[in-house]
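One-letter residues, chain by chain:
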Amino acid sequence: MADHPVGGLDYPRTFQEFRDWFATEDACLDYLEGLRWPEGFVCPDCGDRQGWRISQRRMWMCATCHRKTSVTAGTIFHRSHTPISTWFAAAWFVTSTKNGVSALALQQQLGFGSYETAWAWLHKLRRAMVRPDRDQLSGLVELDETFIGGVSVGKQGASTDKVPVQIAVERVSDRKLGRVRFALADAPGSLGLVEFACATVAPGSTIRTDGARMLRRLGERGYTHEYTTGYNSPDRAAELPGVHMVASLLKRWLIGTLHYRASDKHLEYYLDEYAFRFNRRTSTARGLLFYRLLQQAVATDPHPLTELTAES
Ligand SMILES: [Zn+2]
């Protein structure tokens, strides 16, 4: 499989092709092997490339350390009792739907008995989505914080339940945005934004922020720092238009597609999914998203169901 995957060759272009290609469990496993070991088997233990299939159960034996492994070992599909073809159907459904799907929609589409199962699957797929986005942003980057959530009424009266989310987005030109990165902030504040920038933006880039004094440290951390003068400017959206556009799209998606509520503790996963979608928004081939998702899925550690508990 190639660095520049081709529709119809490396990934299915249509649902019809998807069904033709992945009609059997074997076909799905062959595809996964191609994604995980594009140049042939590699032992996950010792890294040796010599090995052979030892059974119809798709096990491989390493010639050097004699460890047995399968194409799904160590991935999100590990120890799944569900056929891989069902995982493929879920991945196709999630990536071929423009804005993604809710757990309820996935449950209905795949006929899962429980909402909780569909929910756990979606979260496993989200964990796979975050993988590829480890390259740092570069060029001109807008940086700011937004607040997700709302007001909840408790015993102590109304309290705000807003979670600070850090956003960095590349400005390719006046009208064009590049890639985005999100992170949940431990606490609101500029110092956290500086750390976030250091983790997500390549040194040498230009970072544009509001005028908060703390952010001027960016200049000492290897960036060219441009900032607007007003910290409490009445029209912040006009000063950092890219990051505010992303923030409003994100909020619309959380509420419209995921029916997000402030009590939901899994915002971090949703940010992963949104970044995955946003960073591939110009890709017209939905099948390419399917390809990328599976490619990342076979490179992801397993997250057993017990680590994830559905919120009601
Ligand atoms: Zn080995």
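Reading the values: the criteria
- Residues numbered from 1 in each chain as written.
- Predicted model: local features only at pLDDT ≥ 70, side-chain atom pairs only at ≥ 80, totals over all residues.
- Heavy atoms only, no water.
- Salt bridge = Lys/Arg side-chain N within 4 Å of Asp/Glu carboxyl O.
- Helix = DSSP H or I, 4+ residues; strand = E, 2+ residues; numbered from the N terminus.
- Buried < 20%, exposed > 50% of the residue type's maximum accessible area, 1.4 Å probe, protein only.
- Axes fitted to C-alpha atoms, helices over the stretch in contact; angles between N-to-C directions.
- Parallel < 35°, antiparallel > 145°, perpendicular 65-115°, else oblique.
- Left-handed = near helix turned anticlockwise from the far one by under 90°.
- Contact = heavy atoms within 4.5 Å.
- Nonpolar A, V, L, I, M, F, W, Y, C, P; charged D, E, K, R; others polar.
- Pairing = 2+ DSSP bridges.
- Core = buried A, V, L, I, M, F, W, Y, C linked by side-chain atoms within 4.5 Å.
- Polar contact = N/O pair within 3.5 Å; in protein donor to acceptor, adjacent residues only side chain to side chain.
- Phe/Tyr/Trp six-rings, centres within 6.5 Å; stacked < 30°, edge-to-face > 60°.
- Lys NZ or Arg CZ within 6 Å of the ring centre and 35° of its normal.

Peer 1: What is the right way to read the pattern of salt bridges from this model?
Peer 2: Any two side chains of opposite charge can pair, given that their charged atoms come close. All chains considered together, the criterion is met by 10 salt bridges. Of the charged contacts, one joins Glu226 and Arg208 as a salt bridge, the two residues approaching to 2.9 Å between their closest N and O atoms. Separated by 18 residues along the polypeptide, Glu226 in strand S10 (residues 224–227) and Arg208 in strand S9 (residues 206–209) bring together distant segments of the chain. A relative accessible area of 26% places Arg208 in the partly exposed class. Salt bridges here are not isolated pairs; linked through shared partners, they connect Asp30, Glu33 and Arg53.

Peer 1: So what exactly am I meant to see when it comes to the packing of helix H5 (residues 115–130) against helix H9 (residues 267–279) here?
Peer 2: In a packed pair of helices, the relevant descriptors are the angle between the two axes and the axis-to-axis distance. Here H5 crosses H9 at 55°, and the two axes come no closer than 8 Å. By the angle class used here, H5 and H9 are oblique. Like other packed secondary-structure pairs, H5 and H9 cross with a definite hand, here left-handed. Two secondary-structure elements touch here, H5 through Trp119, His123, Arg126, Arg127, Met129 and Val130 and H9 through Tyr269, Tyr270, Asp272, Glu273 and Phe276. Counted by class, the contact of H5 with H9 contains 6 nonpolar, 1 polar and 4 charged residues.

Peer 1: Would you take a moment to explain the sheet that holds strand S1 (residues 51–53) for this structure?
Peer 2: Within a sheet, each strand pairs with its neighbour through backbone hydrogen bonds, oriented either parallel or antiparallel. The 3 strands are arranged S1-S2-S3 in an open sheet whose pairing can be described as antiparallel. The open sheet terminates on both sides in strands that have one partner only, identified here as S1 and strand S3 (68–70). In this sheet, neighbouring strand axes are inclined to one another by 35° on average, regardless of whether the strands run parallel or antiparallel. Where strand S2 (residues 59–62) meets S3, 3 bridges bridge the pair, whose relative direction is antiparallel.

Peer 1: Honestly, the nonpolar core in this entry has me stumped. Any pointers?
Peer 2: Note that soluble globular proteins tend to have their nonpolar side chains buried in a common cluster. Counting residues in hydrophobic clusters, the biggest one holds 65 residues, and the most contacted among them are Tyr31, Phe77, Phe88, Leu106, Phe182, Leu254 and Phe290. Among the elements that take part in this core, helix H3 (residues 84–96) stands out by supplying 8 residues, more than any other. Of all hydrophobic cores here, the second largest spans 14 residues; its members include Leu193, Phe196, Ala212 and Leu215.

Peer 1: Before we go on, may I ask you to explain the side chain of Arg277 in this structure?
Peer 2: With respect to the secondary-structure elements, Arg277 resides in helix H9. Here the side chain of Arg277 touches Glu273 through a polar contact of 2.9 Å, side chain to side chain. If sequence neighbours within four positions are ignored, Arg277 has contacts with Val94, Thr97, Lys98, Asn99, Gly100, Trp253 and Arg286.

Peer 1: Looking at this structure, I do not really get the packing of aromatic side chains. What am I missing?
Peer 2: Counted according to the given criterion, the structure contains 24 aromatic pairs. When the ring of Phe88 is compared with that of Phe290, the centres are 5.8 Å apart and the planes differ by 75°; the resulting orientation is edge-to-face. Of this pair, Phe88 sits in helix H3 while Phe290 sits in helix H10 (residues 286–297); the two residues are 202 residues apart in sequence, bridging distant segments of the chain. When sorted by exposure, Phe88 lands in the same class as Phe290, which is buried. Note on Trp253 and Tyr274: the rings are 5.1 Å apart at their centroids and 45° apart in plane angle, and the pair reads as tilted. Of this pair, Trp253 sits in helix H8 (residues 241–256) while Tyr274 sits in helix H9, and the two are 21 residues apart along the sequence. Classification of Tyr274 as buried rests on a relative accessible area of 9%. Counting every residue linked through ring pairs, the aromatic cluster contains Phe15, Phe18, Trp21, Phe22, Tyr31, Phe88, Trp92 and Phe290. Taking NZ or CZ as reference, Arg281 lies 3.9 Å from the ring centre of Phe278, over its face.

Peer 1: Would you mind going over the pairing of strand S7 (residues 163–173) with me for this structure?
Peer 2: Consecutive side chains along a regular strand alternate between the two faces of the sheet. Most of S7 sits inside the fold, with 8 of its 11 residues counted as buried. Looking at chain direction, strand S4 (residues 140–148) and S7 are connected through 8 bridges and run antiparallel. Within S7, the residue paired with Thr146 across the bridge is Val165. As paired elements, S7 and strand S8 (residues 176–184) share 7 bridges and run antiparallel to each other. Looking at S8, one finds that Arg171 is bridged to Leu177.

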